[in-house]
Structures are given as C-alpha cells and as structure tokens.
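# Summary of the model geometry
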Amino acid sequence: MEVRTLTGGALEAVLDDLARLRIKVFADYPYLYDGDFAYERRYLEPYRGREGAIVVGAFEGARLVGAATGMPLLAHSEDFAAAFEGSGIDLGGVFYCAESVLLPEFRGRGVGHVFFERREAHARRLGYAAAAFCAVQRGPHPLKPEGYRPLDGFWRGRGYAPLEGVIAQFGWRDIGATGESLKPLQFWMRAL
C-alpha cells in the first residue's frame, strides 16, 4: 500500500473514487449512511481547485482503498462553522480534517496516523494554528456491531479533545430509513 498526498489536479483526479469509497465506508456503523453518488460528487466539489484543499490517498496499486481530506474550516460547510458560534475560537486559524475513510481489510496498519500526520503537516505549512474534525454521536442503535470500539482513544492519543458544546447538525438518510434525519456531530480539536 502506498500513501500519497494529493493537491490540485492530482486531488481532482481521485474525486470519483473518493465518492464511491465514502459511500462504502460510511455505510457501516456509526454513520449508517445510505449514500448516493450524485450527492457525494456535489459534496466533494468544493475540493476542486480550492486553495488549501488536500486529499491523502491510500492506494493498493491504482486502487484507492482509503483517503483523508482537509481544507480550511471557513471554506467548508456553513453548518459546521455555525457550530462554533459563541466558542471564542478564531475559525480563520482552524484547518478542518474532514473524513478519514479506509476499507476494513486495510485497517490496523498505521494508515490512520499517516492520514492525520499528513493533513496536520499541510495545515502547519499553510500557517494554521489548530486542526479540527467532527464525528457522529450515536446513541444505542440496533445496527451497532457487537464489540464496536469508538475511535476516541485514537483521537485523544493524537492530541485531540472534544470541544464542549461545539456540535454540528448534519442530515443524511440512514440505511433502511425512508428519509433524512439530523445527526449530532461532535467537534474535536488540537493545537498545531
């Protein structure tokens, strides 16, 4: 497996594969996302030509098997920026580490650390003071797998901590649902 840092045209070249990968990985718990390719391409479109945008791709040969994305927080969804209202955090100094997706058979090889290291290094080069991401909060759910382990320990080990009260609401259709519903996404942050 090879991990590559992609910007500009190289980033644009993987957006279709990234859309398909997001649908596949986010179908699992805790996201349970019933994805659709057209929506995914619209969601990823802001990465095209965006100054500061990055994709860190994990490849097995030419096949994209994992990816982590990032861009300045102010360039991302207004719903996410709104979550910070009243927090006193200067959003202009925050780099948003968006998704990290990796097919299950490639996990446990340290790629998650590489995903964060590359995005954090990119953010530092661009002059950002902090990095943040958000993760869905799920209560009890019938599709939660036996032995499921949240990633909180991994994130804390990388220096991230949840930001009290900084929670975005984002909607998608769960697998088996007839329509979209809002889910809370907790923001985590660390200084760079």
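Before any of the text, the structure's been laid out above.
The present account deals with the structure reproduced in this document. Owing to the predicted nature of the structure, the values given are computational and were not obtained by experimental measurement.

It is worth spelling out helix α5 (residues 111–125) at this point. Counted at 1.5 Å a residue, the expected span for α5 with its 15 residues is 21 Å, and the 21 Å between its end C-alpha atoms agrees. Listed as buried for α5 are Val111, Phe115, Phe116, Arg119, Glu120, His122 and Ala123. The inward-facing, buried residues of α5 abut β2 (54–60), β3 (63–72), β4 (94–102), β5 (130–136), α6 (152–157) and β7 (180–191). Downstream of α5 by one or two residues, Gly127 has phi in the positive range, about 90°.

Turning next to the environment of Gly179. Positionally, Gly179 belongs in the loop between β6 (161–173) and β7. Apart from the residues within four sequence positions on either side, Gly179 is in contact with Trp172 and Arg173.

Let us look at the environment of Leu126. Checked against the element boundaries, Leu126 lands in the loop between α5 and β5. Overall, Leu126 belongs to the partly exposed group, its relative accessible area being 41%. For Leu126 and Gly52, which are 74 residues apart along the polypeptide, the C-alpha to C-alpha distance reads 7.3 Å. Excluding residues that lie within four positions of it along the chain, Leu126 makes contacts with Gly52 and Phe95.

Spatial strand order, β1-β2-β3-β4-β5-β7-β6: seven strands in an open sheet with mixed pairing. The outermost strands of the open sheet, each flanked by one partner alone, are β1 (2–6) and β6. Shown here is a sheet whose adjacent strand axes are inclined to one another by a mean of 25°, direction ignored. Here β4 runs beside β5; their pairing, made up of three bridges, is parallel. What sits directly across from Val94, in β5, is Ala130. Strand contacts of α5: β1, β2, β3, β4, β5 and β7, with the helix running at about 155° to β4, the strand carrying the most contacts.

The next thing to look at is the pattern of salt bridges. All told, the structure shown has 16 salt bridges when counted by the stated rule. Here Arg48 makes a salt bridge to Glu12, at a shortest N to O gap of 3.4 Å. Separated by 36 residues along the polypeptide, Arg48 in the loop between α3 (37–44) and β2 and Glu12 in helix α1 (residues 8–13) bring together distant segments of the chain. The shortest N-O distance in the salt bridge between Arg138 and Asp174 comes to 2.9 Å. A residue pair is termed long-range when its members are at least 10 positions apart, and Arg138 in the loop between β5 and α6 and Asp174 in the loop between β6 and β7 qualify at 36 residues.

Rules of the game
- Residues numbered from 1 in each chain as written.
- Predicted model: local features only at pLDDT ≥ 70, side-chain atom pairs only at ≥ 80, totals over all residues.
- Heavy atoms only, no water.
- Helix = DSSP H or I, 4+ residues; strand = E, 2+ residues; numbered from the N terminus.
- Expected span 1.5 Å × (residues − 1).
- Buried < 20%, exposed > 50% of the residue type's maximum accessible area, 1.4 Å probe, protein only.
- Contact = heavy atoms within 4.5 Å.
- Pairing = 2+ DSSP bridges.
- Axes fitted to C-alpha atoms, helices over the stretch in contact; angles between N-to-C directions.
- Salt bridge = Lys/Arg side-chain N within 4 Å of Asp/Glu carboxyl O.

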